[in-house]
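The lines below spell out each chain.
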Amino acid sequence: MFLQIVTSVLATGLLYALISVLQQNRTLSASLPPGPPGHWLFGNAPPRAFPYRHFAELTETYGPVFTLRFGRRIVCVIGRYQAAVDILMKHSAETSDRPRSVAANEIMSKGHRVLMTPAGERLKKYRRALHAFLQPSSSATYKPMQYKNAKNYVLDCLHDGRHHLYHGRKYAASVVMSVAYGKTTPTSYSDPEVLQINKSLARLGAALKPGAYLVDTYPILKYCPGYASHLRRYREEELALITKQANAVRELLAKGEAPPSFTAYLIENQERLGISDDELAYLSGAIFGAGSDTTAAALGIMTMAAACYPEAQARVQAQLDEVVGRDRAPTFEDEDLLPEVTAFVLEAYRWRPVSAGGFSHRATKDVVWNGYVIPAGAEIIGNHWAISRDPEVYPNPEDFKPARWLNEHGRIRNDLKFINFGFGRRVCVGQHVADQSLFINTALVLWAFRISQDAQCPIDTYAFTDTANVHPLPFSLHFEPRVKDMEAMLGAQAE
Ligand code: HEM
């Protein structure tokens, strides 16, 4: 008898769930942006590989915004520039939330990881703190440190061009460790501390893969004793590591020996910022997580473009020769007179965007766009890859053409924008630090070398990792010095 009651309650529950899914699908699909048909219950099949490339093809078929359904999840994908402006920038207040991430954020990161933090008070607190330290005027103070590391990057490429991608990673890690913790010596990717950070980041990446954990579909599992206990162990290990790093800065501060850093700023202003010790540790750690691999990938893409497009490279070098000459190295002071360098960087950002698929946002209210409704609760993805290929904004998008960023006076156009740092209230807080890194490394490396491909091993410009932030797979470059006495001029030994 009891069994019969349980069975009939379960059957009624299931039927109710099915009917509500069907009703939701019917009511919503009338107003949602169009999209490819899917299974009546399960919706669309998730793409197996390189989702951003698959989504770019769907943009060609279904238009600037299309809808996918994964079970009850509704995902609207934006593939054109103006739609991204209309939805993610003009409606930023309603589209700056993140989709819920139970395994990777709530369990593995105590809900403290800024990139996944939902819209609300904690996010405001986090972004206020990050902004204070990474806004343009603060970022400008890191230029001397970035310059020193960029010179090391060039010298590393001079001595050992085979490992140029590794040198880019060393540059990026050194800069973010300096910004986050005030570390003054170069940071190698083989440092035990960095190995541990990267281990945590790899675990996070695995937990973020769609379908990796059932708890993301059935959040109730989070409360089952013993469920995914390894994720809780990962969290303890990571928290111990980032707390140790923050405590090291605390000790230096107490002795009056701490160099300026984001962590020192957070500790000194902890009460005013209203952040707990754990939040502080995660915030400091966020700088490495968000800023290291991304910057390294962008450097790799810049050198890849230089080798694949020798004419574009030569244009930059002609301006470097005219403005700087070959008897001294370019500096940040030359930036205004080197628009060709900036244009080259902007085109590299557009050509192979690092966050190729973009990071998911979530609508907190219905958003009306072009007569369609993106309902509250829907995920919104600004697909950087497709938007960067919008032919109305970037004609002949497959061409690598830095000149598109310049006006008739050879200055950077201010009517053309790029989107590789994301959208609205979630836009990358580290973009000024990143832009400075890309400018100075591009100026120095193209001043120092003519970069070319290895004829035996041509570059495949589509060979990238299939990850949220993409990285070029290893490729060979030839670095032919353009200047004499490079080491003397750069005045630093590679470490
Ligand atoms: C070329 C290098 C970089 C690229 C391409 C990049 C790209 C991005 C993108 C696309 C987002 C998400 C935006 C969105 O949700 O719409 C983001 C977020 C973020 N970035 Fe960057 N980034 C770079 C460098 C950096 C650096 C150097 C730092 C720190 C110094 C940094 C810190 C952050 C943080 C903390 C977030 C989370 C913001 C939030 O979710 O509210 N990034 N970045």
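Structural notes, computed from the coordinates. (Residues numbered from 1 in each chain as written. Predicted model: local features only at pLDDT ≥ 70, side-chain atom pairs only at ≥ 80, totals over all residues. Heavy atoms only, no water.)

In this section: the site of the ligand. The environment of the ligand is made up of 26 residues, and the closest members are R98, R127, H361, R426 and C428. A distance of 2.8 Å separates an oxygen atom of the ligand from a polar side-chain atom of H361. The contact in question runs from an oxygen atom of the ligand to an N or O atom on the backbone of F423, over 3.1 Å. Elements with a contribution of two residues or more to the shell around the ligand: α5 (121-134) and α13 (277-308). (Near = heavy atom within 4 Å. Polar contact = N/O pair within 3.5 Å; in protein donor to acceptor, adjacent residues only side chain to side chain. Helix = DSSP H or I, 4+ residues; strand = E, 2+ residues; numbered from the N terminus.)

What follows concerns the environment of S284. By secondary structure assignment, the location of S284 is in helix α13. By relative accessible area, S284 is classed as buried at 0%. Between the alpha carbons of S284 and G358 there is a distance of 23 Å; along the sequence they are 74 residues apart. Residues within four places of S284 in sequence aside, it is in contact with A180, Y181, F262, T263 and L266. Looking at S284, its side chain comes within polar contact range of the side chain of T263, at 3.1 Å. (Buried < 20%, exposed > 50% of the residue type's maximum accessible area, 1.4 Å probe, protein only. Contact = heavy atoms within 4.5 Å.)

Right, let's talk about unusual backbone geometry for a bit. Even without glycine at this site, N370 takes up a positive phi of about 50 degrees. Here N370 is to be found in the loop between β4 (367-369) and β5 (372-374). On the basis of relative accessibility, which here comes to 62%, the residue N370 falls in the exposed class. Its identity is not glycine, yet D485 carries a phi of approximately 50 degrees, on the positive side. Here D485 shows up in the loop between β8 (477-481) and α18 (486-490). The class for D485 is exposed, based on a relative accessible area of 58%.

Of the protein atoms, C428 (SG) alone serves as a donor to the iron atom of the ligand, at 2.3 Å. Among the structural elements, C428 can be located in the loop between α16 (384-387) and α17 (431-448). (Donors = N, O, S within 2.8 Å, 3.2 Å for Na, K, Ca; no water.)

Here we take up the environment of L416. Position of L416 among the secondary structure elements: in the loop between α16 and α17. Residue L416 is classed as buried on the basis of its relative accessible area of 8%. Considered as a pair, L416 and R404 are twelve residues apart in the sequence and their alpha carbons are 8.8 Å apart. If near-sequence neighbours (up to four positions away) are discounted, L416 is found in contact with V393, Y394, R404 and W405.

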